[in-house]
Protein chains: 2
Amino acid sequence: MTMTIPPKDRGNRRASLADVARLAGVDTSTASRVLNADRNHRMRPETRERVTEAAKTLGYSPNPLARALRTARSFSLGIAVPQLVSPVFEQIIAGAQAAARERGYGLLIAHVPENGAEAFEQLTAANRVDGLLAASLDDDKALGPALENTGVPFVVLNRKAAGITNCIVLDTRAAAYLAVQHLTALGHRRIAHLAGRAGGYNANDRLAGYQDALAAAGIAMDPPLIQNAGYTVEGGAAAMQAILARSDRPPTAVFAATLLSAAGAMSTLRDAGLDVPKDVSIISLHDGILAEVMNPALTTVRLPAREMGYEGTTALIDLIDGRRDNVARVLDQNELVIRRSTAPPRG
Amino acid sequence: MTMTIPPKDRGNRRASLADVARLAGVDTSTASRVLNADRNHRMRPETRERVTEAAKTLGYSPNPLARALRTARSFSLGIAVPQLVSPVFEQIIAGAQAAARERGYGLLIAHVPENGAEAFEQLTAANRVDGLLAASLDDDKALGPALENTGVPFVVLNRKAAGITNCIVLDTRAAAYLAVQHLTALGHRRIAHLAGRAGGYNANDRLAGYQDALAAAGIAMDPPLIQNAGYTVEGGAAAMQAILARSDRPPTAVFAATLLSAAGAMSTLRDAGLDVPKDVSIISLHDGILAEVMNPALTTVRLPAREMGYEGTTALIDLIDGRRDNVARVLDQNELVIRRSTAPPRG
DNA sequence: TTGAAAGCGCTAACAA
DNA sequence: TTGTTAGCGCTTTCAA
């Protein structure tokens, strides 16, 4: 009967490869080869057996630090997000997390409020990640150089920035088109747009999609109906107020950049005594639990944010492994999710 | 004039301590001491100067992997959460993230659907974190042993489990009391409870707080008004239906375990033609953006979930550093956030 | 005050 | 098929 030594009894130190090798009566290199199932070497079954057995007995698991030091690969990835608590970033992270896990990578989440150079540098320097995912909010000129400077492969999510070749983006323009088209198909002609921040990459795309759909329906664009609202509840509420204040004839529909601004707009409309969707329809980009929970439940266009995180991570790992040398994908599986906040205009 | 060599020109390899030492004309040990500002050694100002200068020239930053291997400290922490997309876990993670960052630690997020032993083991083994935060959802008998088995310090969040001494929990019972007391103070006497999952640690506390508040108001508990609802929108909706179906006289108020189940309940009530808050008031535990966005905006009791993440992480680091040897805290800064979903009962 | 030397745990030539 | 050797980049005695 074998005397099984519990792993932790060994002086409270985890078993090392040397321990395994000693117990198996082989050299550490041999043990390493066995345990890594080295395909180039053929070893005696009996040796393999002894090493495997010893490893099991000792509860051996390799020290990834040592391995990383030696191989210059840490098998961990960093993802930089500007906010943690946000419907979109949540989804991106969840997707990245899943992909990393599947491929045997760890994921380090960095909360990078302003995406300055230091932040990325810190992420790589402090943790030696093998690669970086950057999901930025603002249109940052410094993003490219900052990322280049880290010296590790990276993929930018949801943004095309000058000089950045590796990115995965959503087809925001098509999504905006889909949203506004839904509205025009319902018969709306006075459609307000709660834009994000002025000048941002996605802001332009949303606006373009909005215009496309308007044009397709033969509707002339009416600038006073467009208002920057940022990406928050408060911003949405304020922007909606501004639009209402601006004209005596309120729009019959609103196309918002995000769930959050749509929520803000909804409460403003409610406060103004306007019924959603009877008086005003609302639709927004991005789907999430928030949309289900609103009253009335929000009609949205679901963009593949989770998929973006997933695909971006997969692509990044391919980049790291040298299986490809660039990434440029547009994810376009947008989907109209019709709920209760949109209806034909009154009258 | 000094010939400044750009960091990246060096064969595309980051500068190592040896490079710095060489350039400064000193030994690596000396360079190490200077760069680490070793207090035990006094070095010539000139030497210090030369080393510092060399490090700057080379753009040196230490390789944390090597350092971790040598010192057996990785300066990274792991946090295991059962779900990423959830109002509560979001807050916990955000708090943990902030604390880790402040203390110079990285935070590795692990999505651990079922908190089996392998999951934690994987987290530690695969990444050699210095400590572990575990925020589990279910009442898991295996949690304690699984964590013990990893061999690193850990803190359990939001749960007291058998044999686990290090934990930070919320005062759920007091929060439940606060919520239900708000309802009784408004004059409600038929108050339903959308419980979480049966038998869980927090489920019992919520129930106890509910009973306490009922008793304090001289109200007898009515079992048919209590229904397990889990922690999802669907669960909340279904539970609310069950309660309505069960009695001819619906409750005038509902106390839900979470935002999500409250949202589900609200939509069920709406579908049943019941107005919130005129016919039925709703209050839930935990606050978040969801609550603001619901219509009517949800009255909640805010529990310090973010603080729990923050405090748990701080405590964990103290544990790792040996500055303390146990953690047991109850965070009790609950706060009633009155919005529009609660009102006096009709009539 | 500084340097020499050892070693954390692992992998990868190279040699046998 | 296995072992020897070297070294990833760093810290830390110990000796000078």
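Scroll up to find the structure.
As a convention, each chain's residues are numbered from 1 in the sequence order in which they are written. Numbering of ligands from 1 and lettering of chains from A proceed in the order in which they are written. Local features in this predicted model are restricted to residues whose pLDDT is 70 or higher, and side-chain atom pairs enter the listing and the counts only when it is 80 or higher, whereas totals over whole chains, interfaces and linings include all residues. Water and hydrogen atoms play no part in the side-chain values, which are based on all heavy atoms of the structure.

Asks: Which parts of the structure should I look at to understand the overall build of chain A?
Replies: The secondary structure content of chain A amounts to 13 helices and twelve strands. What the globule rule says is 2.2 Å times the number of residues to the power 0.38, and the radius of gyration is computed from C-alpha atoms. Against the compact-globule benchmark of 20 Å for 347 residues, chain A has a radius of gyration of 27 Å, which places it well outside the compact range. Overall size of chain A, expressed as C-alpha extent along the three principal axes, is 90 × 45 × 30 Å. Exposure categories follow from relative accessible area, calculated using a 1.4 Å probe and restricted to protein chains: below 20% of the type maximum is buried, above 50% is exposed, and the middle band is partly exposed. For chain A, with 347 residues in total, the buried portion stands at 55%. Any pair of residues with heavy atoms lying within 4.5 Å of one another is described as a contacting pair. Long-range contacts, defined here as pairs at least 24 residues apart, represent 71% of the contacts in chain A between residues at least 6 apart. The Shrake-Rupley method, run with a 1.4 Å probe, gives the accessible areas here. Residue values count only the displayed protein chains as cover. As displayed, chain A has an accessible area near 15,300 Å², and 51% of this comes from carbon and sulfur atoms. Positive and negative charge centroids in chain A, built from 38 and 35 side chains respectively, lie 6 Å apart. Note on conventions: DSSP H or I runs of at least 4 residues are helices, E runs of at least 2 residues are strands, and numbering of each starts at the N terminus. Charge convention: Lys and Arg are scored as positive, Asp and Glu as negative, and His as well as the terminal groups of each chain are ignored. A charge is said to be at NZ when it belongs to Lys, at CZ for Arg, at CG for Asp and at CD for Glu.

Asks: Help me understand the packing of helix 5 (residues 87-102) of chain A against helix 13 (residues 305-320) of chain A, please; the structure alone is not making it clear to me.
Replies: For any two helices packed against each other, the geometry comes down to the angle between their axes and how far apart the axes lie. Residues and elements named next belong to chain A. Orientation is described by lines fitted to C-alpha atoms, with helices fitted over the stretch in contact, and by angles between N-to-C directions that extend from 0 to 180 degrees. Interhelical geometry of helix 5 versus helix 13 gives an angle of 35° and a closest axis separation of 6 Å. Here helix 5 runs over helix 13; the crossing is right-handed. Where helix 5 abuts helix 13, its residues Val88, Gln91, Ile92, Ala94, Gly95, Ala96, Ala98, Ala99, Ala100 and Glu102 lie against Ala305, Arg306, Met308, Gly309, Tyr310, Thr313 and Thr314. Residues of the contact of helix 5 with helix 13, tallied by class, amount to ten nonpolar, five polar and two charged. The handedness criterion is simple: a crossing whose near helix is rotated anticlockwise from the far helix by less than a right angle is left-handed, and one whose near helix is rotated clockwise is right-handed. Only Asp, Glu, Lys and Arg are considered charged, only Ala, Val, Leu, Ile, Met, Phe, Trp, Tyr, Cys and Pro nonpolar, and every remaining residue, Gly among them, polar.

Asks: Which parts of the structure should I look at to understand the relation of the copies chain A and chain B?
Replies: Here the copies were fitted onto each other by least squares, based on C-alpha atoms from residues at pLDDT of at least 70 in both. Superposition of chain A onto chain B requires a rotation of 180° combined with a translation of 0.0 Å along the rotation axis, giving an RMSD of 0.1 Å. Such a combination of rotation and displacement between the chain copies is what one expects of a two-fold axis. Comparing interface residues between copies, 100% of those in chain A also lie at the interface in chain B; the contact surface is shared.

Asks: Looking at this structure, I do not really get the nonpolar core. What am I missing?
Replies: Where a protein is soluble and globular, its nonpolar side chains tend to be buried together. Phe255 of chain A together with Phe255 of chain B are the most contacted members of the largest nonpolar core, which totals 142 residues. Excluding anything up to four places from it in sequence, Phe255 of chain B contacts Ala176, Ala179, Val180, Leu183, Ile191, Ala192, His193, Leu194, Arg206, Tyr210, Ile283 and Leu285 of chain B. Throughout this description, the term nonpolar core refers to a set of buried Ala, Val, Leu, Ile, Met, Phe, Trp, Tyr and Cys residues connected via side-chain atoms within 4.5 Å. One finds Val156 and Ile164 of chain A together with Leu108 and Val152 of chain B within the second-largest nonpolar core, a separate group that totals 28 residues.

Asks: Just checking my understanding: could you explain the packing of aromatic side chains for this structure?
Replies: For any pair of aromatic rings, the description rests on two quantities: the centre-to-centre distance and the angle between the ring planes. Residues and elements named next belong to chain B. For this analysis, a ring pair means two rings from Phe, Tyr or Trp (six-membered ring only for Trp) whose centres lie within 6.5 Å, classed as stacked if their planes differ by under 30 degrees, edge-to-face if by over 60, and tilted for the remaining angles. Applying the stated rule across the entire model yields four aromatic pairs over all chains. Judged by centre distance (5.1 Å) and plane angle (55°), the rings of Phe75 and Tyr105 are tilted. In this pair, Phe75 is assigned in the loop between helix 4 (64-71) and strand 1 (76-81) and Tyr105 in the loop between helix 5 (87-102) and strand 2 (106-111), connecting sequence segments 30 residues apart. For Phe75, a relative accessible area of 36% gives the class partly exposed. Considering the side-chain rings of Tyr210 and Phe255, the 6.4 Å spacing of their centres and the 15° angle between planes classify their relative orientation as stacked. Residue Tyr210 is found in helix 9 (residues 201-216), and its partner Phe255 is found in strand 8 (residues 253-256); the two are separated by 45 residues along the sequence. Like Phe255, Tyr210 is buried.

Asks: When you look at the sheet that holds strand 9 (residues 281-285) of chain B in this model, what are you seeing that I'm missing?
Replies: Strand pairing in a sheet relies on backbone hydrogen bonds. The paired strands run either parallel or antiparallel. All names here are of chain B. Here the rule is simple: two strands pair whenever DSSP picks up at least two bridges between them. The six strands are arranged 7-6-8-9-10-12 in an open sheet whose pairing can be described as mixed. Edge positions in the sheet fall to strand 7 (226-228) and strand 12 (335-337), since each has one partner strand and no second. For this sheet, the mean angle separating the axes of adjacent strands, direction not counted, is 20°. In this sheet, strand 7 lies alongside strand 6 (residues 191-195) in parallel orientation, the contact comprising three bridges. Its bridge partner lying in strand 7, Leu194 is registered against Gln227. Across the sheet, helix 9 lies against strand 6, strand 7, strand 8 and strand 9, angled at about 170° from strand 6, the strand it touches most.

Asks: Got a minute to help me understand the protein's contact with DNA strand C in this structure?
Replies: Here a residue counts as near a molecule or strand whenever at least one of its heavy atoms sits within 4 Å of it. Residues in close proximity to DNA strand C total 26 residues, the closest being Leu17 and Arg70 of chain A together with His41, Arg42 and Thr47 of chain B. Within the side chain of Asn36 of chain A, one N or O atom sits 3.2 Å away from a phosphate oxygen of DNA strand C. The term polar contact refers here to a pair of N or O atoms within 3.5 Å; inside protein, the definition further demands a hydrogen-donor-capable atom paired with an acceptor-capable atom, and it admits residues adjacent in sequence only when both atoms are side-chain atoms. Here Arg42 of chain B contributes a backbone N or O atom positioned 2.6 Å from a sugar or linking oxygen of DNA strand C. Only helix 2 (28-35) and helix 4 (64-71) of chain A together with helix 2 (28-35) and helix 4 of chain B provide two or more residues apiece to the surface near DNA strand C. For the surface near DNA strand C, the leading source of residues is helix 4 of chain A, giving four residues. Residues that form the surface near DNA strand C fall into these classes: seven nonpolar, ten polar and nine charged.

Asks: What is the right way to look at the protein's contact with DNA strand D in this model?
Replies: Neighbouring residues of DNA strand D: 26 residues in total, closest Asp27, Arg42 and Thr47 of chain A together with Leu17 and Arg70 of chain B. In this structure, Asp27 of chain A approaches DNA strand D through a main-chain N or O atom, which is 3.0 Å from a phosphate oxygen. At 2.5 Å from a sugar or linking oxygen of DNA strand D is found a main-chain nitrogen or oxygen belonging to Arg42 of chain A. Sorting the residues of the surface near DNA strand D by element identifies helix 2 and helix 4 of chain A together with helix 2 and helix 4 of chain B as the ones contributing at least two each. Counting residues per element, the surface near DNA strand D draws most heavily on helix 4 of chain B, at four residues. Of the residues in the surface near DNA strand D, the class split is seven nonpolar, ten polar and nine charged.

Asks: Whenever I open this one, the side chain of His182 of chain B confuses me. Can you help?
Replies: Residues and elements named next belong to chain B. By secondary structure assignment, the location of His182 is in helix 8 (residues 172-185). The class of His182 is buried, set by a relative accessible area of 10%. Each residue touching His182, except ones within four places of it in the same chain, is listed here: Ile283, Thr299, Leu336, Ile338 and Thr342.

Asks: Can you walk me through the sheet that holds strand 12 (residues 335-337) of chain A in this structure?
Replies: Residue and element names in this part refer to chain A. The six strands are arranged 7-6-8-9-10-12 in an open sheet whose pairing can be described as mixed. Pairing within the sheet leaves two strands with one partner each, and these edge strands are strand 7 (226-228) and strand 12. Averaged over neighbouring strand pairs, the angle between their axes works out to 20° when direction is ignored. Where strand 9 (residues 281-285) and strand 10 (residues 299-302) come together, three bridges link them in parallel fashion. Along strand 10, the bridge assignment pairs Ser284 with Thr300. Across the sheet, helix 8 (residues 172-185) is in contact with strand 6 (191-195), strand 8 (253-256), strand 9, strand 10 and strand 12; its angle to strand 9 comes to roughly 165°.

Asks: What's the story with the interface of chain A and chain B in this structure? I'm lost.
Replies: Accessible area lost on assembly of the parts is the figure often given for the size of an interface. With 43 residues of chain A at the contact, the number on the chain B side is 44 residues. Each partner contributes to the roughly 4,000 Å² buried at the junction of chain A and chain B, and carbon and sulfur atoms together form 58% of this total. The three residues of chain A that bury the most area against chain B are Leu65, Arg128 and Val293 of chain A, which together make up 17% of that side's buried surface. Counted as salt bridges are all cases of a side-chain nitrogen of Lys or Arg within 4 Å of a carboxyl oxygen of Asp or Glu. In this structure, the connection of chain A to chain B is made through zero salt bridges. By convention, the term buried area covers the 1.4 Å-probe accessible surface removed from two parts as they join, with the contributions of both added.

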